[in-house]
Amino acid sequence: MDIEWMILFEVIWDILMQLDKISNLGLLILAGLGLNSWYKEYKYKKRSELAEEILCLFYQMQEAISWVRHPAALDYEIDKIKKQVKVTLKEKEVPYYYLVAKLRMQEKKELIASFSTLKYIAKAKLNKKLVPLFEAIIHIVNKISIYSLQLYSRPDISLAECRKRESVIWEGSSLDGKDEISAQIVETIEKVEKICEKYIK
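This write-up is about the structure you can find in this document. (Residues numbered from 1 in each chain as written. Predicted model: local features only at pLDDT ≥ 70, side-chain atom pairs only at ≥ 80, totals over all residues. Heavy atoms only, no water.)

1. Some words on the environment of I78
To keep things clear, this is the line we draw: Under the DSSP-based scheme used, a helix requires at least four consecutive residues in state H or I and a strand at least two consecutive residues in state E, with every element numbered from the N terminus. Whether two residues touch is decided by their heavy atoms; if any such pair falls within 4.5 Å, the residues are in contact.
Inspection of the secondary structure assignment puts I78 in helix α2 (residues 75-84). For I78 and L103, which are 25 residues apart along the polypeptide, the C-alpha to C-alpha distance reads 9.5 Å. I78 has contacts with A73, Y96, Y97 and V100, leaving out every residue within four places of it along the chain.

2. Observations regarding the packing of helix α5 (residues 131-153) against helix α7 (residues 180-196)
Let me state the cut-off plainly: A fitted line through C-alpha atoms represents every axis, and for helices the fit uses only the stretch in contact; the resulting angles, taken between N-to-C directions, go from 0 to 180 degrees. Angle categories: roughly parallel below 35 degrees, roughly antiparallel above 145, roughly perpendicular from 65 to 115, and oblique for all the rest. Handedness of a crossing follows from how the near helix is turned relative to the far one, being left-handed for an anticlockwise turn of less than a right angle and right-handed for a clockwise one.
Viewed as axis vectors pointing N to C, α5 and α7 meet at an angle of 160°, and their least axial separation amounts to 10 Å. Relative to α7, the element α5 lies roughly antiparallel. The two elements α5 and α7 cross, and the hand of that crossing is left-handed. Here L133, A136, I137 and I140 of α5 lie close against α7, whose contacting residues are I181, Q184, I185, T188, K191, V192 and I195.

3. Description of the side chain of D179
Counted only if it meets this: Accessibility here uses a 1.4 Å probe with only protein chains present; expressed as a share of the type maximum, an area under 20% marks a residue as buried, one over 50% as exposed, and anything in between as partly exposed. N or O atoms closer than or at 3.5 Å make up a polar contact, with two conditions inside protein: a donor-capable atom paired with an acceptor-capable one, and, for residues adjacent in sequence, both atoms drawn from side chains.
Relative to the helices and strands, D179 is located in the loop between α6 (159-169) and α7. Overall, D179 belongs to the buried group, its relative accessible area being 19%. For D179, the side chain forms a polar contact with the side chain of R69, separated by 3.1 Å. In this structure D179 touches R69, S167, E171 and G172, once residues within four positions along its chain are discounted.

4. What about the pattern of salt bridges?
We apply this condition: Criterion for a salt bridge: a side-chain nitrogen of Lys or Arg within 4 Å of a carboxyl oxygen of Asp or Glu.
Following the criterion strictly, the structure yields seven salt bridges and no others. The partner of R165 in a salt bridge is E161, with the nearest N and O atoms 2.4 Å apart. Separated by four residues within a single helix, R165 and E161 lie in helix α6, roughly one turn from each other. For R165, a relative accessible area of 12% translates into the label buried. Between E187 and K191 there is a salt bridge whose closest N-O contact spans 3.8 Å. Of this pair, E187 and K191 both sit in helix α7, four residues apart, roughly one helical turn. The class for K191 is partly exposed, based on a relative accessible area of 42%.

Written out as structure tokens, the structure is:
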């Protein structure tokens with residue numbers, strides 16, 4: 001009788017041990033599913049935050065470029081440029097105001113550097129379609145800087161070419177009343193918004 005009880009006890013023990021293993025396996029599966037769900041949520045959240053950061057930086061660049069292109073030059077800006085630029089006594093009239101945009105660009109160099117760096121992060125972690133949109137804004141920034149220097153250093157430029165470059169440097173200075181640079185920026189940001197809104201909660 002004792003032997004039968006011992007055998008029965010061993011059978012029950014084996015069953016309990018198997019159930020314990022099954023229970024642990026079930027918990028492991030549930031934990032794995034939970035971890036996978038958490039990781040997906042974490043990854044989505046990170047993408048959402050990155051999309052918001054990208055969009056905000058595009059807005060900041062739009063505002064910065066608008067300020068850079070403002071046609072009114074402040075006295076302190078002209079004074080600062082005069083100290084930086086060497087002028088000979090023979091020069092009767094120096095077009096300092098052309099360097100105002102360049103000066104303002106220098107004051108925004110940290111923002112521009114952050115914007116340029118974020119292009120590669122956007123490509124690697126969010127959406128490759130954002131890259132040409134980053135490059136479109138960077139191209140505008142470079143164009144303003146180059147034209148600013150050209151108009152200052154090359155007085156031989158024709159009046160037509162001068163007006164063309166001025167319309168890029170200064171907001172609202174185009175003779176036909178159209179501001180192609182502002183229009184390009186708005187169009188670019190609209191494309192960025194369409195891409196980023198897919199990731200933002």
